[in-house]
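Now for the letters of each chain:
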Amino acid sequence: MGITNPEQDISQILFTEKQIAARVEALGMELTEAYRDKKPVMVCVLKGASFFYIDLCRQMRCHLDMDFLSVSSYGASSKSSGVVRLVKDMDTDITGRHVVIVEDIIDSGLTLSYLRELFQSRRPASIRTISFLDKTARHPAELRTDYCGFEIPDEFVVGYGLDYAGYYRNLPYIGVLKPEVYRA
């Protein structure tokens, strides 16, 4: 793993900082229209969605509540363990509220499925999901998000909040990680 220069571990940039900013702005406008009078609870799935979440909420021009939760299904691996574990629950009571779950990436769809079921049990007025990235080839169609930043190929990507073993989150773009980095 390139310690001094993480960019040496990137084989290709999929989305530049400028492309990301434009897409997040467009999504913020779309959510503003959808939730203008509903005061949604925007729920960030930590840690990966944090960059997207903050930028998205700043683009929304309506009243909203912000909350956070943390789940784990990867650990330090490049593959999901197949088990989703709630690490930190949110603080807001969502009963009767409009909820938007903000994810970084939909891969297998396991985390999204778990969160939809968990939130549904809390009796919100509605649940919608938005994911910055979606690997549509890796999950069933019924696990698609309601809103999506970008669909991507089945590559291991990092940057803009997405990591491998805790590294690369701070890259301002989405890049494909060289296989020799995560297969080593």
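Note: the structure precedes this text.
Residues numbered from 1 in each chain as written. Predicted model: local features only at pLDDT ≥ 70, side-chain atom pairs only at ≥ 80, totals over all residues. Heavy atoms only, no water.

1. What about helix α2 (residues 50-59)?
Now for step 1: Within α2, the full set of buried residues consists of Phe52, Tyr53, Leu56 and Cys57. Each buried residue of α2 sits inside an arc of 120° when the element is viewed along its axis, so together they form one side.
Now for step 2: Where α2 is buried, its residues meet α1 (17-35), β2 (41-46), β3 (65-72), β5 (98-106) and β6 (126-134). (Buried < 20%, exposed > 50% of the residue type's maximum accessible area, 1.4 Å probe, protein only. Helix = DSSP H or I, 4+ residues; strand = E, 2+ residues; numbered from the N terminus. Arc of directions from axis to C-beta. Contact = heavy atoms within 4.5 Å.)

2. Examining the sheet that holds β3
Now for step 1: Pairing in this open sheet of six strands is mixed, and the strands run β4-β3-β2-β5-β6-β7 from one edge to the other. Looking along the sheet, the strands with just one partner apiece sit at the ends: β4 (85-88) and β7 (147-151). In this sheet, adjacent strand axes meet at a mean angle of 25° when their direction is disregarded.
Now for step 2: Relative to β3, β2 runs parallel, the two sharing six bridges. (Pairing = 2+ DSSP bridges. Axes fitted to C-alpha atoms, helices over the stretch in contact; angles between N-to-C directions.)

3. Points about the pattern of salt bridges
Now for step 1: Evaluated as defined, the whole model comprises nine salt bridges.
Now for step 2: A salt bridge links Arg138 to Asp154; its shortest N-O distance comes to 3.7 Å. One end of the pair, Arg138, is in the loop between β6 and β7; the other, Asp154, is in the loop between β7 and β8 (157-158), with 16 residues separating them in the sequence.
Now for step 3: Residue class for Arg138 comes out partly exposed when judged on its relative accessible area of 41%.
Now for step 4: The structure contains a network of salt bridges with shared partners spanning Asp107, Lys135, Arg138 and Asp154. (Salt bridge = Lys/Arg side-chain N within 4 Å of Asp/Glu carboxyl O.)

4. What to know about the side chain of Thr111
Now for step 1: Examined against the element boundaries, Thr111 turns out to sit in helix α3 (residues 110-120).
Now for step 2: Excluding residues that lie within four positions of it along the chain, Thr111 makes contacts with Val71, Ser73, Val84 and Glu103.

5. So, the side chain of Ser131
Now for step 1: Within the secondary structure, Ser131 sits in strand β6.
Now for step 2: Note on Ser131: relative accessible area 0%, which makes it buried.
Now for step 3: Engagement of the side chain of Ser131 in a polar contact is seen with the backbone oxygen of Leu133, the distance being 2.6 Å.
Now for step 4: Once you skip the residues sitting within four places of it in the chain, Ser131 turns out to touch Phe52, Glu103, Asp104, Ile105, Ile106, Thr145, Tyr147, Cys148 and Gly149. (Polar contact = N/O pair within 3.5 Å; in protein donor to acceptor, adjacent residues only side chain to side chain.)

6. Here we look at the pairing of β5
Regular strands have side chains that alternate between both faces of the sheet.
Now for step 1: Where burial is concerned, most of β5 is hidden: eight out of the nine residues are buried.
Now for step 2: In this structure, β2 lies alongside β5, joined through four bridges in parallel fashion. Along β5, the bridge assignment pairs Val43 with Ile101.
Now for step 3: Here eight bridges tie β5 to β6, and the two strands are oriented parallel to one another.

7. Let's talk about α3
The periodicity of an α-helix, 3.6 residues per turn, causes residues three or four positions apart to be oriented the same way.
Now for step 1: Residues Thr111, Leu112, Leu115, Leu118 and Phe119 constitute the buried set of α3. The buried residues of α3 occupy an angular sector of 130° when projected down its axis, which confines them to one face.
Now for step 2: Here the buried face of α3 lies against β2, β3, β4, β5 and β6.

8. Quick notes on unusual backbone geometry
Now for step 1: Cis peptide bonds are those with omega within 30 degrees of zero, and the linkage from Leu46 to Lys47 qualifies with -5°.
Now for step 2: The backbone phi angle of Lys39 is positive, close to 50°, even though this residue is not glycine.
Now for step 3: The topology assignment puts Lys39 in the loop between α1 and β2.
Now for step 4: One non-glycine residue, Arg123, adopts positive backbone phi at about 55°.

9. So, the nonpolar core
Now for step 1: In this structure, Leu133 and Ile174 are the most contacted members of the largest nonpolar core, which totals 30 residues.
Now for step 2: For this core, the secondary structure elements donating two or more residues are β1 (10-15), α1, β2, α2, β5, β6, β7 and β9 (174-177).
Now for step 3: No other element matches the five residues that α1 contributes to this core.
Now for step 4: Ile174 has contacts with Gln12, Ile13, Leu14, Phe15, Ile20, Phe132, Leu133, Val157, Val158, Gly159, Tyr160 and Leu162, leaving out every residue within four places of it along the chain.
Now for step 5: Within the second largest apolar cluster, 14 residues are counted, among which are Val84, Met90, Leu118 and Ile127. (Core = buried A, V, L, I, M, F, W, Y, C linked by side-chain atoms within 4.5 Å.)

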